Amino acid sequence: MATIEYSLFRVKMIRPIQTSFLHDKIKPRDIFENALRERPSSEIHPGRIWHIGNIKEIGGEAGYFAFGRTTKTTNTKFDETTGNFIEEDFETSPYTHVVFDASIGFVGIAHNRRLSRNVTGIARKLQQVLQGTEIALANDVEVLVSPISDPDGFLKTISSAYRVLRFTAHFTGPNPFDADEFFQRPLSVYASSANATKGKAQIDGDNLNKEVITEVARSTAATGNRATAQVKKSKTQAPVTIGLTGDPVKRRFDEVSHDPAEVLKELTVLYNEVRHDG
(Lines give C-alpha, C1' and ligand atoms only; values in the text may rest on other atoms or scores of the structure.)
Protein backbone atom coordinates (compact mmCIF):
# COMPACT_ATOMS: atom_id res chain seq x y z
CA MET A 1 0.00 0.00 0.00
CA ALA A 2 1.39 3.39 -1.03
CA THR A 3 1.51 5.88 1.82
CA ILE A 4 1.85 9.62 2.19
CA GLU A 5 3.68 11.23 5.11
CA TYR A 6 2.46 14.37 6.88
CA SER A 7 4.73 16.42 9.16
CA LEU A 8 3.74 18.97 11.80
CA PHE A 9 4.87 22.61 11.65
CA ARG A 10 4.02 25.66 13.73
CA VAL A 11 2.94 28.80 11.86
CA LYS A 12 3.83 32.00 13.69
CA MET A 13 2.79 35.52 12.70
CA ILE A 14 5.10 37.80 14.68
CA ARG A 15 4.46 41.55 14.97
CA PRO A 16 6.35 44.24 16.91
CA ILE A 17 4.39 45.47 19.91
CA GLN A 18 3.94 48.93 18.37
CA THR A 19 2.19 47.35 15.39
CA SER A 20 0.15 45.15 17.74
CA PHE A 21 -1.24 48.26 19.44
CA LEU A 22 -2.17 49.81 16.11
CA HIS A 23 -3.91 46.66 14.89
CA ASP A 24 -5.08 45.14 18.17
CA LYS A 25 -8.23 43.68 16.60
CA ILE A 26 -6.26 41.53 14.18
CA LYS A 27 -5.10 38.28 15.76
CA PRO A 28 -2.34 36.08 14.30
CA ARG A 29 -4.93 33.44 13.33
CA ASP A 30 -6.88 36.10 11.40
CA ILE A 31 -3.74 37.12 9.53
CA PHE A 32 -3.04 33.50 8.62
CA GLU A 33 -6.58 32.80 7.41
CA ASN A 34 -6.77 36.04 5.44
CA ALA A 35 -3.40 35.28 3.87
CA LEU A 36 -4.79 31.96 2.62
CA ARG A 37 -7.89 33.66 1.22
CA GLU A 38 -5.63 35.79 -0.97
CA ARG A 39 -4.67 32.56 -2.78
CA PRO A 40 -1.17 33.99 -3.15
CA SER A 41 1.39 33.17 -5.82
CA SER A 42 5.08 34.02 -5.57
CA GLU A 43 8.00 33.62 -7.98
CA ILE A 44 10.60 32.66 -5.41
CA HIS A 45 13.13 31.64 -8.07
CA PRO A 46 13.10 32.69 -11.74
CA GLY A 47 10.65 30.51 -13.67
CA ARG A 48 9.31 28.79 -10.52
CA ILE A 49 6.05 30.18 -9.20
CA TRP A 50 4.61 28.79 -5.95
CA HIS A 51 0.86 28.84 -5.36
CA ILE A 52 -1.73 28.28 -2.62
CA GLY A 53 -5.07 26.99 -3.90
CA ASN A 54 -7.91 24.46 -3.50
CA ILE A 55 -8.80 25.93 -0.09
CA LYS A 56 -11.51 24.07 1.84
CA GLU A 57 -12.93 24.52 5.32
CA ILE A 58 -13.01 21.59 7.74
CA GLY A 59 -15.17 23.26 10.37
CA GLY A 60 -14.42 26.27 12.53
CA GLU A 61 -10.92 27.61 11.98
CA ALA A 62 -9.50 24.45 10.42
CA GLY A 63 -9.14 23.49 6.80
CA TYR A 64 -7.17 22.22 3.84
CA PHE A 65 -5.26 23.74 0.94
CA ALA A 66 -3.02 22.61 -1.88
CA PHE A 67 0.49 24.03 -2.17
CA GLY A 68 2.58 23.61 -5.27
CA ARG A 69 4.88 25.02 -7.91
CA THR A 70 4.46 25.87 -11.58
CA THR A 71 7.56 25.46 -13.75
CA LYS A 72 7.86 26.19 -17.45
CA THR A 73 9.96 23.68 -19.38
CA THR A 74 10.75 22.96 -23.00
CA ASN A 75 10.14 19.58 -24.61
CA THR A 76 11.67 18.47 -27.90
CA LYS A 77 9.71 16.19 -30.22
CA PHE A 78 9.62 15.09 -33.87
CA ASP A 79 6.77 16.49 -35.99
CA GLU A 80 5.64 13.81 -38.44
CA THR A 81 3.83 16.39 -40.59
CA THR A 82 6.81 18.66 -41.27
CA GLY A 83 9.53 16.08 -40.83
CA ASN A 84 11.31 18.38 -38.42
CA PHE A 85 12.32 18.32 -34.76
CA ILE A 86 10.51 21.08 -32.88
CA GLU A 87 10.52 22.53 -29.38
CA GLU A 88 7.33 23.07 -27.39
CA ASP A 89 6.92 24.96 -24.14
CA PHE A 90 4.70 23.48 -21.46
CA GLU A 91 4.05 23.83 -17.73
CA THR A 92 4.26 21.32 -14.91
CA SER A 93 2.50 21.96 -11.59
CA PRO A 94 3.25 19.36 -8.91
CA TYR A 95 1.59 20.07 -5.58
CA THR A 96 1.12 18.66 -2.12
CA HIS A 97 -1.59 18.58 0.56
CA VAL A 98 -1.67 20.82 3.64
CA VAL A 99 -4.13 20.73 6.55
CA PHE A 100 -4.26 23.43 9.20
CA ASP A 101 -5.83 24.48 12.47
CA ALA A 102 -5.63 28.26 12.75
CA SER A 103 -6.93 28.23 16.34
CA ILE A 104 -3.79 26.37 17.44
CA GLY A 105 -1.47 27.61 14.72
CA PHE A 106 -0.19 24.39 13.19
CA VAL A 107 -0.09 22.96 9.68
CA GLY A 108 0.41 19.38 8.55
CA ILE A 109 2.39 19.26 5.30
CA ALA A 110 2.46 16.13 3.13
CA HIS A 111 5.83 15.40 1.54
CA ASN A 112 6.07 15.39 -2.25
CA ARG A 113 9.58 14.70 -3.54
CA ARG A 114 8.80 16.50 -6.80
CA LEU A 115 8.66 19.72 -4.78
CA SER A 116 11.61 19.18 -2.42
CA ARG A 117 13.95 16.46 -1.20
CA ASN A 118 12.55 16.95 2.32
CA VAL A 119 9.38 18.38 3.80
CA THR A 120 11.28 21.16 5.57
CA GLY A 121 12.13 22.57 2.15
CA ILE A 122 8.42 22.75 1.30
CA ALA A 123 7.75 24.48 4.64
CA ARG A 124 10.38 27.12 3.83
CA LYS A 125 8.66 27.88 0.53
CA LEU A 126 5.29 28.12 2.28
CA GLN A 127 6.83 30.57 4.74
CA GLN A 128 8.10 32.73 1.87
CA VAL A 129 4.75 32.73 0.07
CA LEU A 130 2.86 33.70 3.25
CA GLN A 131 5.46 36.37 3.98
CA GLY A 132 4.68 38.04 0.66
CA THR A 133 0.92 38.28 1.16
CA GLU A 134 -0.75 41.68 1.30
CA ILE A 135 -2.04 41.24 4.84
CA ALA A 136 1.36 40.14 6.18
CA LEU A 137 3.07 43.13 4.60
CA ALA A 138 0.34 45.57 5.71
CA ASN A 139 0.65 44.42 9.33
CA ASP A 140 4.46 44.33 9.44
CA VAL A 141 4.36 40.61 10.18
CA GLU A 142 7.31 38.22 10.17
CA VAL A 143 6.09 34.76 9.18
CA LEU A 144 7.79 31.65 10.56
CA VAL A 145 6.90 28.06 9.65
CA SER A 146 8.91 25.99 12.14
CA PRO A 147 9.05 22.21 12.67
CA ILE A 148 7.33 20.80 15.76
CA SER A 149 9.99 18.39 17.00
CA ASP A 150 9.28 15.13 18.79
CA PRO A 151 10.41 15.74 22.40
CA ASP A 152 10.19 12.12 23.62
CA GLY A 153 13.86 11.19 23.27
CA PHE A 154 14.96 14.46 24.84
CA LEU A 155 12.53 14.04 27.76
CA LYS A 156 13.49 10.43 28.40
CA THR A 157 17.12 11.51 28.76
CA ILE A 158 16.08 14.31 31.13
CA SER A 159 13.97 11.92 33.22
CA SER A 160 16.68 9.26 33.57
CA ALA A 161 19.56 11.69 34.12
CA TYR A 162 21.33 11.84 37.46
CA ARG A 163 21.18 15.64 37.34
CA VAL A 164 20.24 18.42 34.92
CA LEU A 165 22.81 21.22 35.12
CA ARG A 166 21.78 23.61 32.36
CA PHE A 167 18.75 24.26 30.19
CA THR A 168 18.60 26.62 27.21
CA ALA A 169 15.46 27.32 25.20
CA HIS A 170 14.72 29.55 22.24
CA PHE A 171 11.56 31.63 22.07
CA THR A 172 9.70 33.91 19.70
CA GLY A 173 6.84 36.40 19.91
CA PRO A 174 3.92 36.74 20.02
CA ASN A 175 2.37 34.96 23.01
CA PRO A 176 1.06 31.51 21.92
CA PHE A 177 -2.16 30.68 23.76
CA ASP A 178 -0.89 27.26 24.87
CA ALA A 179 2.59 28.33 25.96
CA ASP A 180 3.79 27.30 29.41
CA GLU A 181 3.50 29.75 32.30
CA PHE A 182 7.17 29.47 33.32
CA PHE A 183 9.01 30.31 30.12
CA GLN A 184 7.46 30.60 26.66
CA ARG A 185 4.55 32.85 27.66
CA PRO A 186 6.43 35.52 29.66
CA LEU A 187 9.44 35.54 27.33
CA SER A 188 7.22 35.84 24.26
CA VAL A 189 5.71 38.94 25.84
CA TYR A 190 9.22 40.17 26.69
CA ALA A 191 10.37 39.67 23.08
CA SER A 192 7.35 41.49 21.70
CA SER A 193 7.74 44.37 24.19
CA ALA A 194 11.40 44.75 23.24
CA ASN A 195 10.45 44.82 19.55
CA ALA A 196 12.29 41.51 19.07
CA THR A 197 11.19 38.54 16.99
CA LYS A 198 13.24 35.85 18.74
CA GLY A 199 15.70 35.13 21.52
CA LYS A 200 16.99 32.46 23.90
CA ALA A 201 17.39 32.10 27.65
CA GLN A 202 19.57 29.84 29.79
CA ILE A 203 19.31 28.64 33.37
CA ASP A 204 22.03 26.86 35.36
CA GLY A 205 22.05 24.95 38.64
CA ASP A 206 23.41 21.95 40.48
CA ASN A 207 20.16 20.03 40.11
CA LEU A 208 17.42 21.70 38.02
CA ASN A 209 13.79 20.73 38.60
CA LYS A 210 12.99 18.04 36.03
CA GLU A 211 9.23 18.60 36.15
CA VAL A 212 9.63 22.27 35.23
CA ILE A 213 12.20 21.42 32.52
CA THR A 214 9.80 18.81 31.08
CA GLU A 215 6.89 21.28 30.95
CA VAL A 216 9.00 23.98 29.33
CA ALA A 217 10.54 21.49 26.86
CA ARG A 218 7.08 20.32 25.74
CA SER A 219 5.93 23.90 25.31
CA THR A 220 9.12 24.74 23.43
CA ALA A 221 8.62 21.82 21.03
CA ALA A 222 4.92 22.59 20.49
CA THR A 223 5.62 26.24 19.71
CA GLY A 224 8.20 25.25 17.08
CA ASN A 225 11.27 26.30 19.04
CA ARG A 226 14.57 24.65 19.96
CA ALA A 227 16.12 23.67 23.30
CA THR A 228 19.27 22.08 24.71
CA ALA A 229 20.20 20.70 28.12
CA GLN A 230 23.44 19.78 29.86
CA VAL A 231 22.97 16.63 31.92
CA LYS A 232 24.96 14.16 33.98
CA LYS A 233 23.62 10.73 33.09
CA SER A 234 25.27 9.20 36.17
CA LYS A 235 27.05 10.45 39.26
CA THR A 236 30.52 9.71 37.85
CA GLN A 237 29.91 10.61 34.19
CA ALA A 238 31.03 13.94 32.74
CA PRO A 239 28.21 16.30 31.65
CA VAL A 240 26.92 15.96 28.08
CA THR A 241 24.72 18.26 26.01
CA ILE A 242 21.50 16.97 24.42
CA GLY A 243 19.24 18.83 22.01
CA LEU A 244 15.55 19.19 21.21
CA THR A 245 16.11 19.66 17.50
CA GLY A 246 15.68 17.69 14.33
CA ASP A 247 12.88 16.52 12.09
CA PRO A 248 9.23 17.35 12.74
CA VAL A 249 6.87 14.72 14.14
CA LYS A 250 5.27 12.66 11.36
CA ARG A 251 2.30 10.43 10.62
CA ARG A 252 1.68 8.22 7.56
CA PHE A 253 -1.65 7.73 5.77
CA ASP A 254 -2.92 5.77 2.78
CA GLU A 255 -1.95 7.84 -0.26
CA VAL A 256 -5.11 7.13 -2.24
CA SER A 257 -7.87 7.07 0.36
CA HIS A 258 -6.66 9.53 3.02
CA ASP A 259 -9.24 12.17 3.91
CA PRO A 260 -8.12 15.69 4.98
CA ALA A 261 -10.62 15.79 7.86
CA GLU A 262 -9.30 12.50 9.27
CA VAL A 263 -5.71 13.61 8.72
CA LEU A 264 -6.40 16.81 10.64
CA LYS A 265 -8.05 14.87 13.46
CA GLU A 266 -5.08 12.53 13.86
CA LEU A 267 -2.53 15.33 13.60
CA THR A 268 -4.37 17.24 16.33
CA VAL A 269 -4.02 14.19 18.56
CA LEU A 270 -0.33 14.02 17.64
CA TYR A 271 0.10 17.70 18.50
CA ASN A 272 -1.57 17.22 21.89
CA GLU A 273 0.78 14.29 22.60
CA VAL A 274 3.74 16.61 21.99
CA ARG A 275 2.30 19.41 24.11
CA HIS A 276 0.66 17.48 26.94
CA ASP A 277 2.04 13.91 26.79
CA GLY A 278 -1.29 12.65 25.39
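Going by the structure above, here's the rest.
Values in this document were obtained by computation on a predicted structure and should not be read as measured data.

Re the pairing of strand 1 (residues 3-14)
Link 1 in the chain: Among the 12 residues in strand 1, 10 count as buried, and that is most of the element.
Link 2 in the chain: Of the strand pairs in this sheet, strand 1 and strand 13 (residues 250-254) are connected by five bridges, and their pairing is antiparallel. The residue of strand 13 that forms the bridge with Thr-3 is Asp-254.
Link 3 in the chain: As paired strands, strand 1 and strand 7 (residues 106-110) are joined by five bridges and run antiparallel to one another. The residue of strand 7 that forms the bridge with Phe-9 is Val-107.
Link 4 in the chain: Strand direction decides the pairing type here: strand 1 and strand 8 (residues 142-147), joined by six bridges, are antiparallel. From the neighbouring strand, Arg-10 faces strand 8, where its bridge partner is Ser-146.

Some thoughts on the sheet that holds strand 11 (residues 227-232)
Link 1 in the chain: Read across the open sheet, the four strands follow the order 10-9-11-12; overall the sheet is antiparallel. If you trace the sheet from one side to the other, it starts and ends with strand 10 (198-204) and strand 12 (240-244), each paired once. Sheet twist, expressed as the mean angle between neighbouring strand axes with direction ignored, is 15°.
Link 2 in the chain: Here strand 11 pairs with strand 12 via five bridges, running antiparallel. When the bridges of strand 12 are listed, Gln-230 appears paired with Thr-241.
Link 3 in the chain: Contacts between helix 5 (residues 152-160) and the sheet are confined to strand 9 (163-172), strand 11 and strand 12, with strand 11 contributing the most and set at about 30° to the helix.

Topic: the pattern of salt bridges
Link 1 in the chain: Enumeration according to the criterion identifies seven salt bridges in this entry.
Link 2 in the chain: Salt-bridge contacts for Asp-152 lead to Arg-218; the nearest nitrogen and oxygen are separated by 3.9 Å. Placement of the pair is Asp-152 in helix 5 and Arg-218 in helix 7 (residues 210-222), with a sequence separation of 66 residues.
Link 3 in the chain: By relative accessible area, Asp-152 is classed as partly exposed at 37%.
Link 4 in the chain: With a shortest N-O distance of 2.5 Å, Arg-166 and Asp-204 are connected by a salt bridge.

Considering the packing of aromatic side chains
Link 1 in the chain: All chains considered together, the criterion is met by six aromatic pairs.
Link 2 in the chain: Relative to Phe-100, the ring of Phe-32 lies with its centre 5.4 Å away and its plane at 80°, an arrangement referred to as edge-to-face. Here Phe-100 lies in strand 6 (residues 95-101) and Phe-32 lies in helix 2 (residues 28-37), a separation of 68 residues in the sequence. The pair formed by Phe-32 and Phe-100 is uniform in burial state, with each residue classed as buried.
Link 3 in the chain: An aromatic cluster of at least three residues, connected via ring pairs, comprises Phe-32, Phe-65 and Phe-100.

Observations concerning the environment of Ser-159
Link 1 in the chain: Topologically, Ser-159 is positioned in helix 5.
Link 2 in the chain: In this structure the C-alpha to C-alpha distance between Ser-159 and Ile-213, which are 54 residues apart in sequence, comes to 9.7 Å.

Things to note about the packing of helix 5 against helix 7
Link 1 in the chain: The geometry of helix 5 relative to helix 7 is characterised by a closest axis approach of 10 Å and an angle of 175° between their N-to-C directions. Compared by their axis directions, helix 5 and helix 7 come out roughly antiparallel. In this structure, helix 5 contributes Asp-152, Phe-154, Leu-155, Ile-158, Ser-159 and Ser-160 to the contact, and helix 7 contributes Lys-210, Ile-213, Thr-214, Ala-217 and Arg-218.
Link 2 in the chain: When the residues that make up the contact of helix 5 with helix 7 are grouped by side-chain class, the tally is five nonpolar, three polar and three charged.

Concerning the pairing of strand 9
Link 1 in the chain: By the criterion of burial, strand 9 is predominantly enclosed, with seven of the 10 residues buried.
Link 2 in the chain: When strand 9 meets strand 11, the two strands line up antiparallel, connected through six bridges. Looking across to strand 11, one finds that Arg-166 is bridged to Gln-230.
Link 3 in the chain: Of the strand pairs in this sheet, strand 9 and strand 10 are connected by seven bridges, and their pairing is antiparallel. Residue pairing for strand 10: Arg-166 is matched across the bridge by Asp-204.

Here we look at helix 8 (residues 260-276)
Link 1 in the chain: The terminal C-alpha atoms of helix 8 lie 24 Å apart, and with 17 residues this matches the ideal 24 Å at 1.5 Å per residue to within 8%.
Link 2 in the chain: Next to the buried residues of helix 8 lie strand 1, strand 4 (62-79), strand 6, strand 7, helix 7 and strand 13.

Cut-offs and rules
- Residues numbered from 1 in each chain as written.
- Predicted model: local features only at pLDDT ≥ 70, side-chain atom pairs only at ≥ 80, totals over all residues.
- Heavy atoms only, no water.
- Buried < 20%, exposed > 50% of the residue type's maximum accessible area, 1.4 Å probe, protein only.
- Helix = DSSP H or I, 4+ residues; strand = E, 2+ residues; numbered from the N terminus.
- Pairing = 2+ DSSP bridges.
- Axes fitted to C-alpha atoms, helices over the stretch in contact; angles between N-to-C directions.
- Contact = heavy atoms within 4.5 Å.
- Salt bridge = Lys/Arg side-chain N within 4 Å of Asp/Glu carboxyl O.
- Phe/Tyr/Trp six-rings, centres within 6.5 Å; stacked < 30°, edge-to-face > 60°.
- Parallel < 35°, antiparallel > 145°, perpendicular 65-115°, else oblique.
- Nonpolar A, V, L, I, M, F, W, Y, C, P; charged D, E, K, R; others polar.
- Expected span 1.5 Å × (residues − 1).

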